[in-house]
Every structure is written in structure tokens, then in C-alpha cells.
Amino acid sequence: MDRHDMLLSPAGVEALRTALTRADFTSNGIAARLGPQATGGAARNDFRAALRATEERDPLATLIRVFICDQTEPEAAVAAALAPLDLGEALAGGIVERHGDGLRAGVDLEPYGDDWWVLADLPASARPGRPLHSEHVLGIGGASQTLLGATVRRPVETALDLGTGSGVQALHLSTHARTVTATDVSERALRFAATTAALNGQDWELLRGDLVTPVAGRRFDLVVSNPPFVVGPGTTTHVYRDSGRVGDAIGSELAAAAPGLLTEGGTMQYLANWVHVAGEEWGERVAGWFAGTGLDAWVIQREVADPMAYVNLWLTDVGEAADPQRMAAWLDWFDAHKVEAIGFGIVSLRRAGHADPVVRVEDLRQRVEPPLGDQVAAWFDRQDFLRVRDTDALLAERYRAAAGLQLRQEATMGDEGWAVDRQVLVMPRGLRWTEEVDPLVLALVGGCDGRLPLRDQLTLLAAAHDVAPEELAEAAGPIVSHLVERGIIEPVTA
């Protein structure tokens with residue numbers, strides 16, 4: 001995309017960056033000016049303390065009041081705060097807009113990270129009664145943050161952001177990819193992304209088109225996507241939300257496209273919604289998306305919503321909550337297709353080049369140790385370890401229990417004292433899995449101190465439990481694989 005297709009001219013972008021930098025309109029600068037209480041309040045849309053802290057006007061105070069607190073400020077003060085950006089260009093580009101006898105924010109100009117800015121449309125809540133543009137460009141919301149946290153951040157040569165919107169995913173990709181390509185079906189979104197890129201001194205390849213169409217035939221080391229994943233009858237009113245695909249087809253479409261997008265060893269990660277259909281196992285249904293792709297796949301379900309809550313969420317998101325006909329049509333579609341619930345989660349795929357790819361689809365609704373991207377990378381590393389080892393090789397390794405691993409027991413008091421009913425291993429870090437285990441597995445994990453090969457441990461366990469060592473070794477193979485995959489025990493590499 002031509003670099004001149006921005007909200008402002010190239011010179012205007014440079015001038016805006018100068019104004020923001022001079023005023024110290026950054027996350028750190030704002031926090032220092034407001035203090036912790038006012039900063040925390042502003043994050044919750046409680047601007048009382050922030051407004052008190054900015055009563056004495058200077059450029060930073062004015063920018064905070066306009067772009068953080070959504071106040072209307074005198075034209076002269078706004079012009080001074082934005083200088084050297086020409087006020088006429090700022091108005092023409094929609095950065096600010098006239099309101100009453102002053103000026104207010106025309107876009108969501110958000111200081112982000114240590115020294116970044118992201119431009120997007122204002123949320124529906126900022127302008128009640130004003131319908132959202134059909135090509136509304138989202139700012140940094142919950143879904144964006146989920147994908148940002150889940151992305152594997154290892155250095156790569158080439159990265160692709162499918163459906164870039166404001167460009168926040170591409171901004172992060174630029175920190176560990178030599179080149180960044182970003183696509184969007186919306187010309188308007190690409191204007192915002194181009195402005196975000198230029199404002200932060202970045203140079204991305206920006207291409208217009210639906211999903212993978214603009215990059216057909218090309219391969220990338222890392223692909224990320226926060227697509228329009230909302231599930232429904234295929235109606236399109238807002239492109240950030242609606243793909244035009246019926247049901248959850250966009251998730252399976254991205255899975256099918258992944259093999260042709262990834263380099264050998266490449267990774268693709270995207271957010272998705274999927275339906276829970278009455279009489280079907282949702283995990284089996286989603287696992288079917290990856291059949292025949294040849295890719296390792298790890299799908300984790302983070303949330304589940306019932307149809308009514310789901311429809312209310314997305315209608316409210318675009319200010320359509322008062323549209324009973326739209327709600328009824330959406331709910332009728334869910335009823336007709338026997339949809340009981342809708343799941344939300346993260347799909348992580350890898351082209352590992354193996355004939356027998358690993359596909360796991362599972363619930364992971366517990367809080368995990370951030371960033372999730374590190375946990376995803378470690379999961380794929382563990383698959384590499386397991387894939388090249390048969391049972392004999394697994395038992396030849398030495399293992400160590402995960403740091404801080406805990407044991408919780410449930411017991412019932414009887415005539416002879418406490419009788420243990422259930423024993424659960426708990427990981428307090430990482431993915432924070434809990435795993436119910438029997439006494440033999442508990443003893444196996446308890447002996448993993450990194451000193452003995454696992455086969456030697458099993459010999460001791462077999463003698464203690466009066467079991468043939470060969471039988472115990474054969475039974476231990478899949479158990480050890482599972483414990484390693486979950487990170488409950490870790491191979492000692494040195």
C-alpha cells in the first residue's frame with residue numbers, strides 16, 4: 001500500500017509525532033503527570049482525578065483531557081498542543097473534530113507501551129447515538145490483548161498480520177520480525193494502520209484483500225490473525241466483527257489456508273469462536289478443522305458463552321442493543337442449528353514437517369502465567385522432544401518435577417482414620433494444570449529429582465509395588481508422554 005494513504009500527510013505524521021514527543025504524551029509521561037490513583041481511575045473510565053490533575057493547562061494536560069478524558073477543549077489550547085501539526089490538517093484527517101465552542105478527539109489516539117501510539121476509531125461508548133461506521137476500526141481491546149499475549153515472540157525473518165485493523169499486532173511483530181506484512185479487507189482500516197506504522201517510525205507492507213487473498217502463494221515464518229470471528233448467520237454489518245461466513249467457518253477456513261502460508265517450522269496463531277452443537281463433542285468438531293493439514297495444532301478454549309449472552313455482547317459492542325429484530329434473527333439461527341453455546345479461544349499451528357502431526361483441543365480456562373506466548377512456544381518444544389523418542393528413549397531420560405509442584409489430597413475420616421480419596425498434582429506456575437493421579441504415578445513424579453534415568457526409577461517402583469518391571473515400563477510410556485506434554489515433569493538436558 002502506498003505510504004501516502006494515511007489519515008495525515010507524511011509531513012503531518014512527522015509533525016504529530018513531534019507534538020506527542022515534546023509533550024511527553026506517552027504511557028510513562030501520562031502516568032508521571034497523573035499519579036497512580038488518577039491513572040488507575042482513567043483506565044476504568046473514571047476521569048475525575050485525571051481532570052483535577054490537568055486543571056493547570058500545558059500541552060500534555062490538554063492532550064490528556066482531549067484524548068484520554070474525551071473532553072472538549074478550547075481551539076487555541078488544542079492547536080498549541082498539536083503544534084507543529086497544522087490544525088487544519090488535524091481537522092481534515094479526523095484527528096480532532098469541532099464540538100460546541102471547542103475541539104474534541106476525532107479518533108482514539110492511544111499511548112501504548114513505552115513509546116508507541118495506536119490510532120483507531122473511537123468506541124461506540126464514546127459517542128452514544130452515533131452509529132459505528134461499517135468499516136469501524138477497533139482500538140486495543142480484550143481480544144487484541146489476548147492475541148498479543150499468546151503470540152510466540154521468537155525472532156523470525158517474515159511475519160504476517162491477517163486483518164490488521166489499527167495495526168497493533170503488526171506493531172508488536174516489528175519487534176522480532178525483520179519484515180512485516182499486514183492485510184485487511186477494509187481500505188479504511190489500512191489508512192489507520194498506515195498512520196500507526198508511520199507515527200511509530202515503522203515501514204510495513206500493507207495489502208488490501210479478504211483474509212489470505214492478498215498474499216496467495218507466499219509463505220511466512222509467523223502468521224497472526226484477530227479475524228472477524230463472530231459466529232452467526234453470515235450477515236455482515238461491521239467488517240471488524242462479521243466475516244460474511246456462516247457459523248464458525250472462518251476458523252476452519254484459516255486452518256485450511258495455514259499449510260500454504262507457513263514456511264517449514266513456521267507458526268500461525270489466530271483467535272476463533274466455535275459453536276457447541278447439541279449432541280456433538282465440540283472438541284472433536286474443532287479438531288476436524290486440522291484434518292489433512294499436516295500441521296501440529298494446539299487449540300485452547302478460554303471462555304464459553306450461552307447464545308443470549310453472546311448476542312447481547314456483540315450487539316452492545318456496536319450499539320445495537322435496542323434492535324430486537326436483529327437479536328431475534330440471530331437467536332433463531334442459533335436455535336435452528338442446535339447451538340447450545342459458543343466457545344472462544346486461541347488456535348496455534350505449526351508446520352513441523354512430520355507425517356504424524358499432534359492435534360490437541362482442550363479447555364484451558366484457568367489463569368495462566370503470562371505471557372501465554374512463552375507457554376505456547378514451550379508446548380511446541382515439548383512436542384519436538386516427544387516426537388523423536390519412543391518409550392525406551394523416554395525411559396532413558398532423567399526428569400525433574402516442575403518447579404513448585406504441589407500435591408493436594410482429599411480424604412474421608414473413617415473408623416480407621418483418614419482415607420485418601422483423591423490426589424491432585426497442581427502446577428502453581430506456567431499453564432497451572434491440575435492433574436488427578438493414582439499412588440503409582442504420584443510416586444513416579446515424586447522420584448523425578450533429575451538424578452536417575454526414569455527406567456531405574458521404575459525398577460525401584462516395580463519392586464516396591466510387586467509389579468513386573470517390564471509391565472510397568474510398558475504402561476509408563478503414555479503416562480510419561482502426557483506428564484511431559486503438560487510440563488508436570490521436565491527432561492533434564494544437562
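All of these numbers come straight from a predicted model, not from anything done at the bench.

1. Here's the deal with the sheet that holds strand 16 (residues 434-436)
Reading across the sheet, the three strands line up as 14-15-16 and stay open at both edges, with antiparallel pairing between neighbours. Two strands close off the open sheet at either side, each with one partner strand: strand 14 (406-414) and strand 16. Across the sheet, the axes of successive neighbouring strands diverge by a mean angle of 30 degrees, strand direction being ignored. Two strands pair when backbone bridges link them, and strand 14 and strand 15 (residues 417-426) are joined in this way by nine bridges, in the antiparallel orientation. Residue pairing in the sheet places E410 in a bridge with R422 of strand 15.

2. Considering the packing of aromatic side chains
Counted according to the given criterion, the structure contains twelve aromatic pairs. Ring centres of W289 and F290 lie 6.2 Å apart, and the angle between their planes is 65 degrees; on these two criteria the pair is classed as edge-to-face. Where W379 meets F380, the ring centres are 5.3 Å apart and the plane angle is 80 degrees; that geometry is what we call edge-to-face. Grouping aromatic residues by their ring pairs yields a cluster made of W274, W282, W289 and F290. Residue placement shows R486 over the ring face of W433; its charged tip is 3.6 Å from the ring centre.

3. As for the pairing of strand 1 (residues 96-99)
Inspection of the sheet shows strand 1 paired to strand 2 (residues 102-105) by four bridges, in the antiparallel sense. Bridge pairing links H99 to G102 in strand 2. In textbook terms, the turn of a hairpin is the stretch between consecutive antiparallel strands, and for strand 1 and strand 2 this stretch comprises two residues, one of which, G100, has a positive phi near 60 degrees.

4. Quick notes on the pairing of strand 15
Taking the residues that link successive antiparallel strands as the turn, the strand 14-strand 15 hairpin has two residues. One ladder, built from three bridges, connects strand 15 with strand 16; its direction is antiparallel. The residue bridging V424 from the neighbouring strand is E436, located in strand 16.

5. As for the packing of helix 16 (residues 439-446) against helix 17 (residues 454-464)
Running from N to C, helix 16 and helix 17 point in directions that differ by 135 degrees, and their axes come no closer than 10 Å. Comparing their axes, helix 17 and helix 16 come out oblique. In the packing of helix 16 onto helix 17, the handedness of the crossing is right-handed. Taken together, the residues of helix 17 that come into contact with helix 16 (itself represented by L440, A443 and L444) are L454, Q457, L458 and L461. For the contact of helix 16 with helix 17, the class distribution of residues is six nonpolar, one polar and no charged.

About the thresholds
- Residues numbered from 1 in each chain as written.
- Predicted model: local features only at pLDDT ≥ 70, side-chain atom pairs only at ≥ 80, totals over all residues.
- Heavy atoms only, no water.
- Pairing = 2+ DSSP bridges.
- Helix = DSSP H or I, 4+ residues; strand = E, 2+ residues; numbered from the N terminus.
- Axes fitted to C-alpha atoms, helices over the stretch in contact; angles between N-to-C directions.
- Phe/Tyr/Trp six-rings, centres within 6.5 Å; stacked < 30°, edge-to-face > 60°.
- Lys NZ or Arg CZ within 6 Å of the ring centre and 35° of its normal.
- Parallel < 35°, antiparallel > 145°, perpendicular 65-115°, else oblique.
- Left-handed = near helix turned anticlockwise from the far one by under 90°.
- Contact = heavy atoms within 4.5 Å.
- Nonpolar A, V, L, I, M, F, W, Y, C, P; charged D, E, K, R; others polar.

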